[in-house]
Amino acid sequence: MKLLRLRLLIGIIAVMTALSWAGAKLWASLDTLPAVPGAAPVVLAAVAVILLATAISLRSRLKAARERQPGAKRVDPLGAARAVVLGQASALVSAVVTGIYAGAGIYLLGELDVPARKDQAITAGLAVLAGAAVIAAALWLQHVCKLPENHDGPNGPAATHR
């Protein structure tokens with residue numbers, strides 16, 4: 001499984017921010033700019049908490065297994081792989097959503113004199129922060145579940161001493 005890179009996620013956010021800003025500007029020219037949903041930051045924060053709890057749980061179980069502590073619960077490799085896939089999918093979707101809310105928020109910054117637009121700008125900003133939290137938690141979960149490097153493999157140092 002290939003690791004997800006922060007560079008890729010930042011690129012997705014940047015592209016989606018530009019597209020969202022342009023879309024919001026075009027949509028506003030038609031006087032029908034849709035509202036930023038108030039539940040967006042809450043849902044993104046809930047996903048971040050779930051990913052963080054999963055990472056903490058797996059980290060402690062993996063540490064206990066590595067140290068061979070008595071009564072340590074074994075980590076199912078398929079379960080850990082599923083957690084990584086969940087984290088990667090969450091990070092990718094969150095990058096898209098974060099870019100969309102960032103673009104909308106940037107557009108709304110120009111209309112802060114309207115109270116409804118100000119509230120939407122705040123909600124968009126909170127959604128961007130929560131989206132960043134999802135990305136951080138997902139990348140940490142991926143890091144926690146990463147297998148250690150095998151230096152005794154066919155390309156490792158042991159292969160060169162034969």
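Residues numbered from 1 in each chain as written. Predicted model: local features only at pLDDT ≥ 70, side-chain atom pairs only at ≥ 80, totals over all residues. Heavy atoms only, no water.

## Examining the overall build of the protein
Thought 1: What the protein contains, in helices and strands, is five helices and zero strands.
Thought 2: In the protein, once contacts between residues fewer than 6 apart in sequence are set aside, the share between residues at least 24 apart is 83%. (Helix = DSSP H or I, 4+ residues; strand = E, 2+ residues; numbered from the N terminus. Contact = heavy atoms within 4.5 Å.)

## Topic: the packing of helix 3 (residues 77-108) against helix 4 (residues 115-144)
Two quantities define a packed helix pair, namely the angle between the axes and the distance from one axis to the other.
Thought 1: Put simply, helix 3 and helix 4 touch, their axes get as near as 8 Å, and they point 155° apart. Of the possible angle classes, the one that applies to helix 3 and helix 4 is roughly antiparallel. Between helix 3 and helix 4 the crossing geometry is left-handed.
Thought 2: In terms of residue class, the contact of helix 3 with helix 4 is built from 15 nonpolar, nine polar and one charged. (Axes fitted to C-alpha atoms, helices over the stretch in contact; angles between N-to-C directions. Parallel < 35°, antiparallel > 145°, perpendicular 65-115°, else oblique. Left-handed = near helix turned anticlockwise from the far one by under 90°. Nonpolar A, V, L, I, M, F, W, Y, C, P; charged D, E, K, R; others polar.)

## Points about the layout of surface pockets
Thought 1: Taken as a whole, the second largest pocket encloses approximately 220 Å³ of empty space.
Thought 2: In terms of lining, the second largest pocket is formed by 15 residues, of which the most central are Ser20, Leu33, Pro34, Ile100 and Ala104.
Thought 3: The set of elements that each furnish at least two residues to the lining of the second largest pocket consists of helix 1 (6-29) and helix 3. (1 Å grid on protein atoms, 1.4 Å probe; cavity = no way out; pocket = protein on both sides within 12 Å on 5 of 7 lines; lining within 4 Å. Points joined across faces, edges and corners; volume = space filled by probe spheres on them.)

## Quick word on the pattern of salt bridges
Thought 1: For the structure on display, the rule yields one salt bridge.
Thought 2: Taking the shortest distance from any N to any O, the salt bridge between Glu111 and Arg117 comes out at 3.0 Å.
Thought 3: With a relative accessible area of 19%, Arg117 lands in the buried category. (Salt bridge = Lys/Arg side-chain N within 4 Å of Asp/Glu carboxyl O. Buried < 20%, exposed > 50% of the residue type's maximum accessible area, 1.4 Å probe, protein only.)

## As for the environment of Pro41
Thought 1: By the secondary structure assignment, Pro41 is in helix 2 (residues 40-66).
Thought 2: Residue Pro41 is classed as buried on the basis of its relative accessible area, which comes to 11%.
Thought 3: With 89 residues separating them in the primary sequence, Pro41 and Ala130 have C-alpha atoms 5.7 Å apart.

## Structural notes on the side chain of Arg117
Thought 1: Mapped onto the fold, Arg117 is located in helix 4.
Thought 2: Excluding anything up to four places from it in sequence, Arg117 contacts Leu33, Leu108 and Glu111.

## Overview of a nonpolar patch on the surface
Thought 1: Together, Trp21, Ile106, Leu109 and Leu112 give the surface a local cluster of nonpolar side chains, amounting to about 370 Å² of exposed area.
Thought 2: Within the element layout of this structure, Trp21 appears in helix 1.
Thought 3: A relative accessible area of 35% means that Trp21 is categorised as partly exposed. (Patch = residues over 30% accessible without salt bridge, like charges linked within 9 Å, V, L, I, M, F, W, Y side chains within 5 Å. Areas by Shrake-Rupley, 256 points an atom, 1.4 Å probe, with all protein chains shown as cover.)

## What about a positive patch on the surface?
Thought 1: Taken together, the side chains of Lys2, Arg5, Arg7 and Lys146 define a basic patch exposed on the protein surface.
Thought 2: Relative to the assigned elements, Arg5 resides in the segment before helix 1. (Lys, Arg positive; Asp, Glu negative; His and termini not counted. Charge placed at Lys NZ, Arg CZ, Asp CG, Glu CD.)

## Concerning the nonpolar core
Thought 1: Of all hydrophobic cores here, the largest spans 33 residues; its most connected members are Leu9, Leu58 and Leu141.
Thought 2: Among the elements of the structure, helix 1, helix 2, helix 3 and helix 4 are those that each provide at least two residues to this core.
Thought 3: For this core, the element with the highest residue contribution is helix 4, accounting for eleven residues.
Thought 4: In contact with Leu9, not counting residues within four places along its chain, are Leu4, Ala91, Leu92, Ala95, Ile135 and Leu139. (Core = buried A, V, L, I, M, F, W, Y, C linked by side-chain atoms within 4.5 Å.)

## Some remarks on helix 2
Thought 1: Here helix 2 is 27 residues long and its end C-alpha atoms lie 39 Å apart, about the 39 Å a rise of 1.5 Å per residue gives.
Thought 2: Here helix 2 has its buried residues at Ala40, Pro41, Leu44, Ala48, Leu51, Ala55, Leu58 and Ala64.
Thought 3: Contacts made by the buried residues of helix 2 are with helix 3 and helix 4. (Expected span 1.5 Å × (residues − 1).)

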